[in-house]
Amino acid sequence: EVKLVESGGGLVQAGGSLRLSCAASGFRLDDYAIAWFRQAPGKEREGVSCISHSITSTYYADSVKGRFTISSDNAKNTVYLQMRRLKPEDTAVYYCAAGGPTDDPRGYIYWGQGTQVTVSS
């Protein structure tokens, strides 16, 4: 059984930080790229970051470059998204997904349930 479980969302003031976790089970982390997407009310789901161990690469959307860092802990089969200098426009439900690698959500097979990130002004 393949499962992805996100955690770490919450309410934070602008300029603050949060670390999201995506705990994967049922597959090896090397089997798929792991991506973070987010969806704000009234907006389409957008790719935020992606890590691919098979090709040893990471991806960041322009809007988060320099602020967010994706990383993995293979021993824990977990991928993290460290978010710093958060802005109100970062407010969204954040999802992790396995598949890709691509910034298109259609390229991902497995999805977590999402975790809410709210950044106050």
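Since this is a predicted model, take the numbers as computed values, not measurements. (Residues numbered from 1 in each chain as written. Predicted model: local features only at pLDDT ≥ 70, side-chain atom pairs only at ≥ 80, totals over all residues. Heavy atoms only, no water.)

A. Structural view of the state of the cysteines. All told, the structure shown has 1 disulfide when counted by the stated rule. Shown here is the disulfide that connects Cys22 with Cys96, its sulfur atoms set 2.2 Å apart. Linking Cys22 and Cys96, the disulfide has an S-S dihedral of approximately 70 degrees and is accordingly described as right-handed. Here the residue Cys22 occupies a position in strand 3 (residues 18-25), and Cys96 occupies one in strand 9 (residues 92-99), the gap between them amounting to 74 residues. Accessibility classification places Cys22 together with Cys96 in one group, the buried group. (Disulfide = S-S within 2.5 Å. Helix = DSSP H or I, 4+ residues; strand = E, 2+ residues; numbered from the N terminus. Buried < 20%, exposed > 50% of the residue type's maximum accessible area, 1.4 Å probe, protein only.)

B. Spotlight on the nonpolar core. Ranked by internal contacts, the top residues of the largest apolar core, which has 28 residues, are Ile34, Trp36, Phe68, Leu81, Met83 and Tyr94. Counting only elements with at least two residues in this core, the list comes to strand 3, strand 4 (33-39), strand 5 (46-52), strand 7 (68-73), strand 8 (78-83), strand 9 and strand 11 (115-120). If sequence neighbours within four positions are ignored, Met83 has contacts with Gly16, Ser17, Leu18, Leu20, Arg67, Phe68, Tyr94 and Val117. Residues Ala35, Phe37, Cys50 and Tyr108 belong to the second largest nonpolar core, which totals 6 residues. (Core = buried A, V, L, I, M, F, W, Y, C linked by side-chain atoms within 4.5 Å. Contact = heavy atoms within 4.5 Å.)

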